[in-house]
Each structure stands twice: as structure tokens, then as C-alpha cells.
Amino acid sequence: MAPPTPLPADFEWGFATAAYQIEGAVDEDGRGKSIWDTFCHLEPTRTKGASGDIACDHYHRYEEDLDLLSRYGGKAYRFSISWSRIIPLGGRNDPVNEAGIAFYDRLIDALLARGIVPWATLYHWDLPQKLHDRYGGWLDVEESQLDFERFAKICYERFGDRVKNWITLNEPWIVSIFQDKGYATGGNAPGRSSINPQSSEGNTATEPWTVGKALIMSHARAVALYNKKFRGTQKGRIGISLNGDFYEPWDSEDERDKMAAERRMEFHIGWFANPICLAQDYPICMREQLGDRLPAFTEADFALLREAKMDFYGMNYYTSQFARHRDEPASETDFLGNLIELQENKQGVPVGEPSGVHWLRSTPDLFRKHLTRVYRKYGLPIYVTENGCPCPEEDKMTRTEAVEDTYRIRYFQDHLDAVGLSRTEDGSDIKGYFAWSLMDNLEWSDGYGVRFGVTFTDYKTLERTPKKSALLLKGMFEDRMKQSVSPETHLPSEGF
Ligand code: GBH
């Protein structure tokens, strides 16, 4: 018997990026504005003065970036398509921009020429500004899903002959809570919030939940459309990328903290995964806390959710925390599940080693638990569609210092081992892994200081320099796949 294989020989791995974080060229070839252009320019204090105007200039340098990707040995590349390059005004009756399509044609062809498998995300947070102006973007559940469906259709029609792996939305939780109409915290574009002093509009008690429903139904429409009209001929796969951390009880002896940890995960993941993966209603604990503020699904919605069967669960994972229950009733603006999140437990044990950003500690053991929990609960094959970190103090480092990214190397090793253990020990079906990110890029409201890349980007010269982790990842995967025995090897050879 061959020893258990930490990773199978056909394990897909590579690197991930998102359009607004890397492309730049915001006024080129007919691209329309997105809510992130507006947010960065109208409210620069909320993005540390940064914008994606130039970013990594990937729009012009994609060949060079894909050469790096080849050099690193990545088999797959996850990128996102900028909606406002394809349909500058965004809507279902608005014109399609051929020059925008041509850019992604070039990118996809350049990937295929290098033998790299394209994975396209349709929405990584950059809603066309015009849709926000017309009807409030994701705040209009009916309008937004029709416009998103049309955008998806154009992408399948124009790229689906070559793109066989689709991700509808990146992190709807972030979009609803941080993003777009900034619906809860106002921390991301367009920054609406009734609890953020920098914002003067929005309603945190209701808007996140409305936006969540718009995203769930938009996803469902895009998947149902793929299943009905494109799957048969294009033979691709489709899924969604959900973020969400694992939560342990702050006091492991206290039932109330155990329930709080579970509630936190339901508010994070179940909110979307129940309807999307199981065609079921929101978790009961959400309905109990939020009542009518959580928009209901109609019978027609459930019918659509059932039609929208997906192929995989995309998991974005960075860190985990402890959850401590609260005795007071939940406030109207609470979106966590009425609890306190902590990075240390009752005994003062930290959840993991600090990284270069306050919210992220390295928590590989909890990653394994998270993978296993999600696999058992939702039953779909998992692709880790993002995982990565900035090293401690990396924001203050010179290039020479930053390329020695020992913390990141350890982080990747530990997290790959967690994937292996969840597969072999817990039986989870995990098929692939994308490191976040191919290069340092615009870290949204954190600007350019926080560096998640395996490639160092010099934002003055735009020169790219591989960090050590970039060059070591291939070996890390190969070591873990080595024990793999392909079916042929079991067969006796000729003349045996
Ligand atoms: C991912 O989101 C994104 O998909 C990706 O674009 C991004 O570059 C990457 O993470 C790295 O951040 O500072 O306390 O307000 C992960 C979800 C959203 C988690 C923002 C941390 C900030 C917490 N992240 N959040 S805080």
C-alpha cells in the first residue's frame, strides 16, 4: 500500500489576483468607471491616499507577469474580469466594449500559450459606477441580478471556449459588509454605513442583508445560465469564492462560547452557503437575531437556487479567531452574531503568530478544521482560491529585505500541510490551491503598504522582483505530490 498522499498528482495550484488591484490603465480602451475609482478619488483618506489608477500596470505588463507565473511553475492562474472594461456602463441594455474584450482575449491566449489554466472571477468588487448611480447597485435586488446575468453571459460567450473554470463572485460577505454600498462598516467602496463616522449615508441595520440577497440571487442566475446554455458545449466548471474564518470558543468549557463560535461561522459562511450550496434558507440563528431585516427567499428564488448547482466551493482563507458570547441583546447594527471576536483565548493563548497586518495571524491548524467543516457541511469539492499573508514589518522593508520572506514561506508550508491533513486524515475532497497573490498590489483600503505578493512590486519603477517564497512554492507542491502513485504505476509492466 502506498502511504497516504498529502496531495494528489493532479492537484491544481497556482496564483491569484484581482483586476482593480493590479491592472491600472483605468482610462484606457473605453473602460468605464467602477465604484472603486470613485471611492479612491472622492475619499482618498479612506484608502490611505491610494488608487488603482496605475496599480501594477498589469494591463500593459501582463506578458511579463505571466512569464513570472511560468517561472514559478504555477499550473493555474486566477484573475478577475473588470465588468466596466466589458460593459462600461454596466447595464443589460448598454453597449459592449470590444477593446475591453480584446484585453482579456490577449490575457487568456497568453496563459494558454504558456500551458497555464485560466480561472476567471466575474466579480471581484468593482461594480460599474453607473449601476450604483442608476439604482443603487446591489441595493436593488431585482435590477442588479439581471445586469450581472447579462455580464456573465457575455463572458461565457466570448471567453468560454477557452475559460473552463468560472468563479461568479469573490467574497460576497465582504461585499455586503465592507464593500459596495459599504453596507455595514463603510470600509470599502462606496462606503455607505450608519456606524462609520466617515460616512453620512446608508443603514447598517438593513443594507448588508439586502445586498447579500442580491449577491446570492445574482450568483444563482449566473450559474443557472451557465448550466442551461453553456455547460453542454463548453464543458466547464463553475463555483463561488467565499471567505470566512474558523472560530474556536474563547472559553472552551463554556457552552455559550461554543454556540457563539458556531454562530459566528453561520453568519460568515452559512449566510451564503446555505442558499447557494444547499438551496436552503439562511441559518436559523440569523433569522432569530435579524428577523424581518433578513429578506426572505420566495418559492421562485428557491427554484432558481436549485437550478444553480455548482461544481466546487472556492475557499478564501487567511486567519481565524476566538469567539466570546455577549450577554446583552444584539444591537441592530451587529453583523457578527452578537459576540466578541478575540485573537487570544481565556488563558491568554494567542490564536497564532502575528503577520504584517493586525487582522491576520497564522492559524494552519484551524485552517484544517475549517476545510473539514466546510467539506462536511456543504459536500462540494473545495478549491482554496486564496491563501497568503504579509510578513511582519514587510511594509517598512526595502526590496532586498522583503524578498527574504521567511514568514511567508513558513505560512505556505504550514497551510499546505493543513490541506494535506484535511484530505488524508479527514477525507475532504480538496482539489486545488491558489496563493494570494502573484504580486504585491493595491490592498484596497490599506493602500500599497500591505504586501501580500510573492513578487515584490516597486511602485516607483514598477519593477518586479521574485521573493523567495515564489521560487520555493513549486518545490513545496512537488514534495507533497511526490508520494502520489498514478494508476499506471500499479499495473505490471510488459513482460512482468
Ligand atoms: C481577500 O479578502 C480579498 O479577496 C483580496 O482581494 C485581498 O487582497 C486579500 O483578502 C488580502 O486582504 O482591517 O480589521 O478592517 C479577505 C478578507 C477583508 C479580511 C478585509 C480582512 C480587513 C479587516 N479581508 N479585512 S480590518
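What counts as what
Residues numbered from 1 in each chain as written. Predicted model: local features only at pLDDT ≥ 70, side-chain atom pairs only at ≥ 80, totals over all residues. Heavy atoms only, no water. Phe/Tyr/Trp six-rings, centres within 6.5 Å; stacked < 30°, edge-to-face > 60°. Helix = DSSP H or I, 4+ residues; strand = E, 2+ residues; numbered from the N terminus. Buried < 20%, exposed > 50% of the residue type's maximum accessible area, 1.4 Å probe, protein only. Lys NZ or Arg CZ within 6 Å of the ring centre and 35° of its normal. Salt bridge = Lys/Arg side-chain N within 4 Å of Asp/Glu carboxyl O. Contact = heavy atoms within 4.5 Å. Near = heavy atom within 4 Å. Polar contact = N/O pair within 3.5 Å; in protein donor to acceptor, adjacent residues only side chain to side chain. Areas by Shrake-Rupley, 256 points an atom, 1.4 Å probe, with all protein chains shown as cover. Nonpolar A, V, L, I, M, F, W, Y, C, P; charged D, E, K, R; others polar.

> Please explain the packing of aromatic side chains as it appears in this structure.
Here the distance between the centres and the angle between the planes together describe a pair of aromatic rings. Applying the stated criterion across every chain, the model contains 45 aromatic pairs. Taken together, a centroid distance of 6.4 Å and an interplanar angle of 15° make the contact between Y226 and F230 stacked. Note that Y226 and F230 are positioned in helix α9 (residues 207-234) at a spacing of 4 residues, about one turn of the helix. In this structure, Y226 and F230 share a single accessibility class: buried. Within the aromatic cluster, the residues linked to one another by ring pairs are Y59, Y62, Y77, F79, F103, Y104 and F159. Sitting over the face of the ring of F103, R85 holds its NZ or CZ atom 5.9 Å from the ring centroid.

> Looking at this structure, how should I read the pattern of salt bridges?
Any two side chains of opposite charge can pair if their charged atoms end up close together. Per the counting criterion, the structure on display carries 48 salt bridges. In this structure, D426 engages R368 in a salt bridge whose closest nitrogen and oxygen atoms are separated by 2.9 Å. Of the two residues, D426 sits in the loop between α15 (406-424) and β13 (430-436) while R368 sits in helix α13 (residues 364-378), which places them 58 residues apart along the sequence. Residue classification places R368 among the partly exposed residues on the basis of a relative accessible area of 26%. Salt bridges sharing common partners tie together E394, D405, R408, D440, R451 and K467.

> Would you explain the environment of L68 in this entry?
For L68, the location among the structural elements is in helix α3 (residues 58-72). In this structure the C-alpha to C-alpha distance between L68 and K258, which are 190 residues apart in sequence, comes to 45 Å. The contact partners of L68, leaving out residues within four places of it in the chain, are T455, R464 and P466.

> Can you walk me through the site of the ligand in this structure?
With respect to spatial proximity, 15 residues lie near the ligand, and among them Q21, H124, E171, E443 and W444 are the closest. In the model, an oxygen atom of the ligand is placed 3.0 Å from a nitrogen or oxygen of the N170 side chain. One of the side-chain N or O atoms of W444 is found 2.8 Å from an oxygen atom in the ligand. Taking 580 Å² as the accessible area of the ligand by itself, protein coverage stands at 80%. In terms of residue class, the shell around the ligand is built from 8 nonpolar, 4 polar and 3 charged.

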